[in-house]
Amino acid sequence: AEIEGYQKVINGARAVLDHYRPHIPIHPDWPVEPLSSLFSTRSGTTPPRSRTDYFKDGTIPWVKTLDLRDGPIRSTEEKITQQALDDTHLSILPVGTVLVAMYGGFNQIGRTGVLEIEATHNQAMTALLPTSSVSAYFLNAILVAAKDHWKIVANSTRKDPNITKTDVLNFRLPLPPLATQQAIVAEIEAEQALVAANRELVDRFETKIQATLARVWGET
């Protein structure tokens, strides 16, 4: 009975983690603009893997789709060298750039990230450079809330459904005043902090279950 009680708490916390999505009520008076009219973009690439000097001891963050987790990007799995940057058309993206994944099937298209570090990126995503009229985190929240949109526009010209840079730029963004954007972001961040606390709850109650089992079996 004790373990079942703990498990119910775990199941409830996991349900919150699985089902929470930010909800942004859209006011009908807000203008709606395609991203193409609001943002400049940059293209990325993958330096040839055959050149070990492009990756070994790299210091420049290089974003891949798996680095996109619908939130801030503060580090990357891989880094490239200055030589790779010099030899390719890669450029350093500024802090506040929003990245949108285009390839990899339904589990990956539409994944986003907001750069909190300067970084480069590969060809599997569109980079939307910062602009003074749009909060990067507001844009990110809208894109996360609109994940199902990409399933409608995705094509199957490759093995997995993908979207294109044009699809991303055609996305229509509701655009309230900047102060309203920032207030919405603050509310979402407060919700996300509460949701994230459920992860710790799961860990704590899984530990309680293990401790209870150990007690039942007379283990130290």
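To keep things clear, this report deals only with the structure shown in the data block. (Residues numbered from 1 in each chain as written. Predicted model: local features only at pLDDT ≥ 70, side-chain atom pairs only at ≥ 80, totals over all residues. Heavy atoms only, no water.)

## Thoughts on the overall build of the protein chain
Okay, so step 1: Summing up its helical and strand segments, the protein chain has six helices and 10 strands in all.
Okay, so step 2: Summarising its shape, the C-alpha atoms of the protein chain cover approximately 65 × 55 × 35 Å along the three principal directions.
Okay, so step 3: Burial analysis of the protein chain (220 residues in total) assigns 43% to the buried set.
Okay, so step 4: The long-range share in the protein chain, meaning contacts at least 24 apart out of those at least 6 apart in sequence, stands at 75%.
Okay, so step 5: For the protein chain, the accessible surface area stands at approximately 12,300 Å², while carbon and sulfur atoms represent 52% of it.
Okay, so step 6: Within the protein chain, one finds 22 positive and 25 negative side-chain charges whose respective centroids are separated by 4 Å. (Helix = DSSP H or I, 4+ residues; strand = E, 2+ residues; numbered from the N terminus. Buried < 20%, exposed > 50% of the residue type's maximum accessible area, 1.4 Å probe, protein only. Contact = heavy atoms within 4.5 Å. Areas by Shrake-Rupley, 256 points an atom, 1.4 Å probe, with all protein chains shown as cover. Lys, Arg positive; Asp, Glu negative; His and termini not counted. Charge placed at Lys NZ, Arg CZ, Asp CG, Glu CD.)

## Points about the pairing of strand S7 (residues 112-115)
Okay, so step 1: Here S7 shows two buried faces, one formed by Thr 112 and Val 114 and the other by Gly 113 and Leu 115.
Okay, so step 2: Across three bridges, strand S4 (residues 71-73) lies against S7 in parallel orientation. For Gly 71, the partnering residue across the bridge sits in S7 and is Gly 113. (Pairing = 2+ DSSP bridges.)

## A few points about the environment of Val 195
Okay, so step 1: Within the secondary structure, Val 195 sits in helix H6 (residues 178-216).
Okay, so step 2: Val 195 sits 110 residues away from Leu 85 along the chain, and the two C-alpha atoms are 39 Å apart.
Okay, so step 3: Apart from the residues within four sequence positions on either side, Val 195 is in contact with Val 16, Leu 17 and Tyr 20.

## What about the sheet that holds S7?
Picture the strands of a sheet paired through backbone hydrogen bonds; they go either parallel or antiparallel.
Okay, so step 1: Pairing in this open sheet of five strands is mixed, and the strands run S2-S9-S6-S7-S4 from one edge to the other. The sheet is open, and its two edges are formed by strand S2 (41-42) and S4, each paired on a single side.
Okay, so step 2: Most of the contacts of helix H3 (residues 136-145) go to S7, to which it runs at about 175°, and overall it touches S4, strand S6 (98-101), S7 and strand S9 (125-128). (Axes fitted to C-alpha atoms, helices over the stretch in contact; angles between N-to-C directions.)

## So, helix H1 (residues 2-19)
Three- or four-residue spacings in an α-helix give side chains the same orientation, since the helix completes a turn every 3.6 residues.
Okay, so step 1: An ideal rise of 1.5 Å per residue puts 26 Å on 18 residues; H1 measures up with 26 Å between its terminal C-alpha atoms.
Okay, so step 2: Residues Tyr 6, Ile 10 and Ala 13 constitute the buried set of H1. All buried residues of H1 project into a common sector of 65° when viewed along the axis, lining one side. Within H1, the exposed residues directed more than 90 degrees away from the buried face are Glu 4, Lys 8, Asp 18 and His 19.
Okay, so step 3: Taken together, the buried residues of H1 touch H6. (Expected span 1.5 Å × (residues − 1). Arc of directions from axis to C-beta.)

## Points about the side chain of Asn 140
Okay, so step 1: In this fold, Asn 140 is placed in helix H3.
Okay, so step 2: Judged by relative accessible area, Asn 140 falls into the buried class, the value being 6%.

## Considerations on a nonpolar patch on the surface
Okay, so step 1: Together, Leu 213, Val 216 and Trp 217 line one region of the surface with nonpolar side chains, adding up to about 360 Å² of accessible area.
Okay, so step 2: Assignment of secondary structure puts Val 216 in helix H6. (Patch = residues over 30% accessible without salt bridge, like charges linked within 9 Å, V, L, I, M, F, W, Y side chains within 5 Å. Salt bridge = Lys/Arg side-chain N within 4 Å of Asp/Glu carboxyl O.)

## What about the pairing of S9?
Okay, so step 1: Residues Met 125 and Ala 127 line one face of S9 and the alternating positions Thr 126 and Leu 128 line the opposite face, and both faces are buried.
Okay, so step 2: In this sheet, S9 lies alongside S2 in antiparallel orientation, the contact comprising two bridges. Paired with Arg 42 across the bridge in S9 is Ala 127.
Okay, so step 3: Inspection of the sheet shows S6 paired to S9 by four bridges, in the antiparallel sense. If you follow Val 98 over to S9, its bridge partner there is Leu 128.

By themselves, these are just geometric observations and shouldn't be taken as functional.
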